[in-house]
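Chains, contacts and geometry: an overview
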Amino acid sequence: MIRDTVQDRVYAELGDALICGRLQPGQILTIRDLAEAFDTSVMPVREALRRLIAEKALEGLPQRSVRVPPMTPERLTDLRHTRLLIEGHAAELAAAHVDAPLLARLAAAEADYTAAAAAGDADRELLCNQQFHFALYEACGSPSLMAIIRSLWLQSGPYLRTAVEQHSKRHKASQRSMRGNFHNQIVAALRKRDVAAVRRALEADLSWAFDLLAQP
């Protein structure tokens, strides 16, 4: 039981690091180094990594190491199409369950997100972005969809971090904060219970990072 608890902790912390992009595309991790970092034996680390490899968030390598999948055009295209399909459907379902508490949660997450983007705080921005989207998707009421979406976010996090950092380098604070406009559009469509508009705004929000990364 203790080993399972440690394994879950390692899995959760590595998952958060992937979703928030603290692990970079192509980065190599060794089981020994991770065990030292988590102050545990190699067994729970190995089991946590197996789970993340099964979710396509990491790739197994020889000599007891793993790698964050490199950023390739093919992988970006596949992730983009899948996320638009799955998360767009979850957003449509969520639109049928809009209530005041949900709108309040989304508004708070959007405000924090916009402030973090304007300040150039990528860690905080990515965390608030996750909070916004997961609050929306959880309203769809489908644990199965949520499991798939989490897997997609594990795979996408390192690339999204790259897009955020590239965009922040190119634009001033006032322009960076405009990334929150997509969230505002989603909330506005939810208030109107306009399912089609919710999906359009959600797809625009997901697409901007992939569009940026596709640029030469």
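It should be noted that the structure appears before, not after, this text.
Please read all numbers here as calculations on a predicted model, not as lab measurements. Within any chain, residue numbers begin from 1 and follow the written order of that chain's sequence. Since the coordinates come from a predicted model, pLDDT governs what is reported: local features require at least 70, and pairs of side-chain atoms require 80 or more to be given and counted, while whole-chain, interface and lining totals use all residues. Side-chain numbers come from the whole structure's heavy atoms, not from hydrogens or water.

Quick look at the overall build of the protein chain
For the record, the criterion: For helices the rule is a DSSP run of H or I covering at least 4 residues; for strands it is a run of E covering at least 2, with both sets numbered from the N terminus onward. We compute the radius of gyration from the C-alpha atoms alone; for a globule the expected value is 2.2 Å times N to the 0.38, where N is the number of residues.
Of regular secondary structure, the protein chain possesses 10 helices and 3 strands. In sequence order, the secondary structure elements of the protein chain are arranged as α-β-α-α-β-β-α-α-α-α-α-α-α. Scaling as 2.2 N^0.38, a compact globule of 216 residues should have a C-alpha radius of gyration of about 17 Å, and the protein chain matches this with 18 Å. Projecting the C-alpha coordinates of the protein chain onto the three principal axes gives extents of approximately 55 × 40 × 30 Å.

With respect to the sheet that holds strand 1 (residues 28-30)
As a reminder, the rule being used: At least two bridges found by DSSP between two strands is the condition for calling them paired. Working convention: axes come from line fits to C-alpha atoms, limited for helices to the stretch in contact. Angles between N-to-C directions cover 0 to 180 degrees.
Ordered by their spatial adjacency, 3 strands build an open sheet running 1-3-2, and the pairing between neighbours is antiparallel. Two strands bound the open sheet, and with one partner strand each, they are strand 1 and strand 2 (59-61). Between one strand axis and the next, the sheet turns by 30 degrees as a mean value, whatever way the strands run. Note that strand 2 and strand 3 (residues 65-67) share 3 bridges and pair antiparallel. From the neighbouring strand, G60 faces strand 3, where its bridge partner is V66.

What about the packing of aromatic side chains?
Stated precisely, the cut-off is as follows: Ring geometry is summarised as follows: Phe, Tyr and Trp rings, the Trp one being its six-membered ring, pair when their centres sit within 6.5 Å, and such pairs are stacked at plane angles under 30 degrees, edge-to-face over 60 and tilted between the two. Throughout this description, the term charge over a ring refers to an Arg CZ or Lys NZ atom that lies within 6 Å of the ring centre and within 35 degrees of the ring normal.
What the rule picks out here adds up to 1 aromatic pair. In this arrangement the basic side chain of R51 is found over the ring face of Y11, its NZ or CZ atom lying 3.8 Å from the centre.

Considerations on unusual backbone geometry
In plain terms, the rule: Relative accessibility under 20% of the residue-type maximum defines a buried residue, over 50% an exposed one, and the middle range a partly exposed one, all with a 1.4 Å probe and only protein chains included.
In this model, D39 sits at a positive phi of 55 degrees, which is unusual for a non-glycine residue. Looking at the secondary structure, you find D39 in the loop between helix 2 (31-37) and helix 3 (42-54). Note on D39: relative accessible area 71%, which makes it exposed. Unlike most non-glycine residues, R64 shows phi in positive territory, near 55 degrees. Among the structural elements, R64 can be located in the loop between strand 2 and strand 3.

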